Amino acid sequence: MFVGNDQYDLTDVANPVHVHQYEAADDEYHMVLGNMLITFGNVGDATVHSIDANPDTTGPAVAYHLPHDGETGLSPTSRIGVVIHEYLDYTTVNDATYFVRNTNTGNLVPGYIVSSDKDVLTFTPDEELAIGSTYEVTLTTGIKDVAGNPMASDYIFTFTVGE
């Protein structure tokens, strides 16, 4: 974990261990990419630090989503939001790797996906969802992070639209 320029090992959360302090000229921003830390600021200076000698082998995983699995009574104008705490290769996020299906009809829901704030993927249907229908949201192992690691397995959840 990083706090400012300092890296901490939180394997034992009751006893955090200070691992290293990274220096950069104007290090207002920090971005962890796999086994590297990039620090940069408003003046354009950037510094790359190796924070682990081992390559990044951890794939992205869904940390949170709305609606919740099995949720009912959603609005027909609902959007679907998914949080993945990983820098994604956005060329792998598309209608073949993140899709919504109406389980009553079997039809895929047309819509578009927007990424915001690095780790939030939002699916917005092109049309209102059908009242009384159950929808299945699928994110597949085709979604990869910038190191090329895929999700470990497909992630699936459902919700139902109410009145």
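Further up the page is the structure itself.
What comes next concerns the included structure. (Residues numbered from 1 in each chain as written. Predicted model: local features only at pLDDT ≥ 70, side-chain atom pairs only at ≥ 80, totals over all residues. Heavy atoms only, no water.)

## Remarks on the sheet that holds strand β12 (residues 120-125)
One open sheet holds the four strands; their spatial order is β7-β9-β12-β11, and the pairing between them is antiparallel. At either end of the open sheet lies a strand with only one pairing partner, and these are β7 (62-66) and β11 (111-116). The mean inter-strand angle of the sheet, taken between neighbouring strand axes irrespective of direction, is 20°. Bridging between β7 and strand β9 (residues 80-84) involves four bridges; their strand directions are antiparallel. Within β9, the residue paired with His65 across the bridge is Val82. (Pairing = 2+ DSSP bridges. Helix = DSSP H or I, 4+ residues; strand = E, 2+ residues; numbered from the N terminus. Axes fitted to C-alpha atoms, helices over the stretch in contact; angles between N-to-C directions.)

## So, the sheet that holds strand β14 (residues 155-161)
Taken together, four strands build an open sheet; the order of strands is β8-β14-β13-β10 and the sheet is mixed. Every other strand in the sheet has two partners, leaving β8 (71-74) and β10 (98-102) as the edge strands with one partner each. In this sheet, adjacent strand axes meet at a mean angle of 30° when their direction is disregarded.

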